[in-house]
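Report on the structure
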Amino acid sequence: MNQVSMTNDDSVRSAPIDQNITAYKIIISILFGLLGFAVNFYPVDFVFYGTYRMSFLLGLLFPLLITLAWGW
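Residues numbered from 1 in each chain as written. Predicted model: local features only at pLDDT ≥ 70, side-chain atom pairs only at ≥ 80, totals over all residues. Heavy atoms only, no water.

This paragraph deals with the overall build of the chain. Helix and strand counts for the chain come out as two helices and four strands. Moving toward the C terminus, one meets the helices and strands of the chain in the order β-β-α-β-β-α. The buried share among the 72 residues of the chain stands at 7%. The contacts in the chain between residues at least 6 apart in sequence include a share of 22% that link residues at least 24 apart. Surface summary for the chain: the accessible area is close to 6,400 Å², and the carbon and sulfur share equals 67%. (Helix = DSSP H or I, 4+ residues; strand = E, 2+ residues; numbered from the N terminus. Buried < 20%, exposed > 50% of the residue type's maximum accessible area, 1.4 Å probe, protein only. Contact = heavy atoms within 4.5 Å. Areas by Shrake-Rupley, 256 points an atom, 1.4 Å probe, with all protein chains shown as cover.)

To continue, consider the packing of aromatic side chains. What the rule picks out here adds up to three aromatic pairs. Where Phe32 meets Phe62, the ring centres are 5.7 Å apart and the plane angle is 70°; that geometry is what we call edge-to-face. Of this pair, Phe32 sits in helix H1 (residues 15-39) while Phe62 sits in helix H2 (residues 61-70), and the two are 30 residues apart along the sequence. Residue Phe32 is classed as partly exposed on the basis of its relative accessible area, which comes to 29%. Residue class for Phe62 comes out buried when judged on its relative accessible area of 19%. (Phe/Tyr/Trp six-rings, centres within 6.5 Å; stacked < 30°, edge-to-face > 60°.)

Our focus in this paragraph is the pairing of strand S3 (residues 44-48). Where S3 and strand S4 (residues 52-56) come together, five bridges link them in antiparallel fashion. Bridge pairing in S4 links Phe48 to Tyr52. Where S3 hands over to S4, the hairpin turn is made up of three residues, of which Tyr49 adopts a positive phi near 60°. (Pairing = 2+ DSSP bridges.)

A contiguous nonpolar patch, built from Phe46, Phe48, Tyr49, Tyr52, Met54, Phe56, Leu58, Leu61, Leu64 and Leu68 and spanning about 1,100 Å² of accessible area, is present on the exposed surface. Listed by contribution, the elements that provide at least two residues to the nonpolar patch are S3, S4 and H2. Along the polypeptide, Met54 turns up in strand S4. (Patch = residues over 30% accessible without salt bridge, like charges linked within 9 Å, V, L, I, M, F, W, Y side chains within 5 Å. Salt bridge = Lys/Arg side-chain N within 4 Å of Asp/Glu carboxyl O.)

Next up on the list: unusual backbone geometry. Of note in this structure, Tyr49 is not a glycine but carries a positive phi near 60°. With respect to the helices, strands and loops of the structure, Tyr49 is situated in the loop between S3 and S4.

Residue-level pLDDT values for the chain average 80, and 79% of them are 70 or greater. When the elements of the chain are averaged for pLDDT, strand S1 (residues 4-6) gives the smallest value, 55, and S4 the largest, 89. (pLDDT = per-residue confidence, 0-100.)

Right, dumping it as structure tokens:
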């Protein structure tokens with residue numbers, strides 16, 4: 001038997017839908033984490049004055065995007 005909850009606009013929503021959304025978010029987060037891990041093997045290097053080098057890891061943007069989209 002499903003739990004039924006009321007939302008602000010008085011529409012009825014069942015509990016398994018919330019579980020599906022949570023599962024979807026977990027799967028997408030894991031995929032973005034793995035994609036970010038793979039992308040980190042190819043850093044973008046900036047060279048200053050021939051001796052100083054700064055590396056930027058593009059894979060760090062993936063967890064940032066997920067956090068901004070869905071919160072902590």
